[in-house]
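So the chains spell out like this:
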Amino acid sequence: MREVLKMNDKTAIPILGLGTWLVENDKAERVVSQALKLGYRHIDTAQAYKNEVGVGKGIFLSGIPREEIFVTSKVAAEHKNYQDASQSIDLSLRDLGLDYLDLMIIHSPQPWSEWRSSDKNFDQGNLEAWRALEDAQKAGKVKSIGLSNFLIKDVENILKNSNKKPAVNQILSHIGNTPFALIDYCKEHNIVVEAYSPIAHGQALKNDILKKVASKYNVSSVQLSIQYILQLGMVALPKAENPEHMLSNMTLDFTISREDMALLKSVKFVDYGEYANFPVFSGK
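Please read all numbers here as calculations on a predicted model, not as lab measurements.

(A) Broad picture of the overall build of the protein. Scanning the protein from terminus to terminus reveals ten helices and ten strands. Whereas a compact globule of 284 residues would reach a radius of gyration of roughly 19 Å, the protein reaches 18 Å, a difference of no more than 12%. When its C-alpha atoms are laid out on the principal axes, the protein stretches across 50 × 45 × 35 Å. A total of 284 residues make up the protein; the buried ones form 56% of that total. Here the contacts in the protein between residues at least 6 apart in sequence split such that 74% fall between residues at least 24 apart. Counting every atom, the protein has about 12600 Å² of accessible surface; 49% of that belongs to carbon and sulfur. Side chains of the protein carry 33 positive and 34 negative charges; the gap between the two charge centres is 2 Å.

Here it is as structure tokens:
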């Protein structure tokens, strides 16, 4: 799975990456090293995941040349001023043991404690964090810069008030919860959309429609969920710690029919079970 999408800054991003949210730091070394040896070339981490040290060790131990690996991290959602955001980028590079990042993004338009808050405005704070990313890019610390969890109004703030267009917007998207208006808006502005939690941390796989459609193609519901994202023109970032699951997630030699894609687009899924307490799954 070495296919890529071209971003608006003329760099390329692999369409399949390994998500590392909730991968503990002491496990990240093994997980990332195994993934890279199996063929992954896109690793996604974040300051908030607290596993950058382990991810960096896994990259080193894999033996894969650095220039062949696309590495993403994220400025913590709480950093809404230039100095904090700038310092955090340097800290991520130090913890990862890397000279540069392929992609650095703002993790959220609001601090997690203020997630989707309607009574506070973080527009200026996001512009300050974005300026720190722009300067890091100029300094060669990061190759591409982008956003995560930004709604249309949040993206507009960056587009209207900044010098550089975001290369990506990384959002929650999966069968049953696909924000088509936001995806279309990003595509209209030549911003690549990345889908994290494409299988909703396993919760979406309990859906009978997914099971039925997957059986038609002799694949798992997980494979169906990832292929759905890819056929919508997005980057998929499934999490996996088991090597067998990593390989299965890469084995996508099928195409979902137009009729089945329409059916999957109509699925409505809102129950995230134990993960409903996380802000991104809260429904806000």
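(B) Spatial organisation of the nonpolar core. Membership of the largest hydrophobic core comes to 70 residues, with the highest contact counts inside it found for I59, L101, L133, L224, Y228 and L264. Not counting chain neighbours up to four residues away, the residues in contact with Y228 comprise H174, I175, T178, F180, I256, M261, L264 and K265. In terms of nonpolar packing, the next biggest core, distinct from the first, is built from 13 residues, A46, Y49, W115 and Y272 among them.

(C) Structural context of the UniProt feature "domain: NADP-dependent oxidoreductase" (unreviewed entry) in the protein. When the UniProt feature table is mapped onto this chain, "domain: NADP-dependent oxidoreductase" (unreviewed entry) is found at residues 16-267. End-to-end, the C-alpha atoms of residues 16-267 are 23 Å apart, and along that stretch the chain is 44% helix and 15% strand.

(D) Molecular detail of the environment of T11. Of note, T11 is situated in the loop between β1 (4-6) and β2 (12-14). Sequence-wise, T11 and A167 are 156 residues apart; in three dimensions their C-alpha atoms are separated by 9.1 Å. With residues up to four places along the chain from it excluded, the contact list for T11 reads L5, K6 and S144.

(E) Quick look at unusual backbone geometry. Backbone geometry places N149, a non-glycine residue, at a positive phi of 65 degrees. A positive phi angle is found at A200, which is not glycine, with a value near 50 degrees. On the accessibility criterion, A200 (0% relative accessible area) is buried.

(F) Summary view of the packing of helix α7 (residues 208-216) against helix α8 (residues 221-231). The geometry of α7 relative to α8 is characterised by a closest axis approach of 8 Å and an angle of 90 degrees between their N-to-C directions. Taken as axis vectors, α7 and α8 run roughly perpendicular relative to one another. On α8, the residues that touch L210, K211, V213 and A214 of α7 are S221, L224 and S225. Its residues assigned to classes, the contact of α7 with α8 comprises four nonpolar, two polar and one charged.

(G) Broad picture of helix α1 (residues 25-38). Spanning 14 residues, α1 covers 20 Å between terminal C-alpha atoms, matching the ideal 20 Å at 1.5 Å per step. Among the residues of α1, those classed as buried are A28, V31, V32, S33, A35 and L36. Among the structural elements, β3 (18-19), β4 (42-44), α2 (52-62) and α9 (243-250) are those in contact with the buried residues of α1. At the exit of α1 stands G39, carrying a positive phi of roughly 130 degrees.

(H) How the structure looks around α8. Summarising burial for α8: ten of the eleven residues are buried, a large majority. Among all positions in α8, only S221, V222, Q223, L224, S225, I226, Q227, Y228, I229 and L230 are buried. If you follow the buried residues of α8, they end up packed against α6 (180-188), β9 (192-196), α7, β10 (235-237), α9 and α10 (258-266). A positive phi of about 85 degrees marks G233, the residue just after α8.

(I) Structural view of the packing of aromatic side chains. Per the counting criterion, the structure on display carries eight aromatic pairs. Measuring from centroid to centroid gives 5.7 Å for Y217 and F254, while their planes differ by 40 degrees, and the two rings are tilted. Of this pair, Y217 sits in the loop between α7 and α8 while F254 sits in the loop between α9 and α10, and the two are 37 residues apart along the sequence. Consider the rings of Y275 and F278, whose centres lie 6.0 Å apart with planes at 20 degrees: the pair is stacked. By way of ring pairs, the aromatic residues W21, F269, Y272, Y275, F278 and F281 are connected into one cluster. Between the NZ or CZ atom of R66 and the centre of the ring of Y100, over which it lies, the distance is 4.1 Å. The aromatic ring of W115 is capped on one face by R116, whose charged end is 4.0 Å from the ring centroid.

The rules we used
Residues numbered from 1 in each chain as written. Predicted model: local features only at pLDDT ≥ 70, side-chain atom pairs only at ≥ 80, totals over all residues. Heavy atoms only, no water. Helix = DSSP H or I, 4+ residues; strand = E, 2+ residues; numbered from the N terminus. Rg over C-alpha atoms; globule rule 2.2 N^0.38 Å. Buried < 20%, exposed > 50% of the residue type's maximum accessible area, 1.4 Å probe, protein only. Contact = heavy atoms within 4.5 Å. Areas by Shrake-Rupley, 256 points an atom, 1.4 Å probe, with all protein chains shown as cover. Lys, Arg positive; Asp, Glu negative; His and termini not counted. Charge placed at Lys NZ, Arg CZ, Asp CG, Glu CD. Core = buried A, V, L, I, M, F, W, Y, C linked by side-chain atoms within 4.5 Å. UniProt positions renumbered as here; feature names shortened; annotations may be inferred. Axes fitted to C-alpha atoms, helices over the stretch in contact; angles between N-to-C directions. Parallel < 35°, antiparallel > 145°, perpendicular 65-115°, else oblique. Nonpolar A, V, L, I, M, F, W, Y, C, P; charged D, E, K, R; others polar. Expected span 1.5 Å × (residues − 1). Phe/Tyr/Trp six-rings, centres within 6.5 Å; stacked < 30°, edge-to-face > 60°. Lys NZ or Arg CZ within 6 Å of the ring centre and 35° of its normal.

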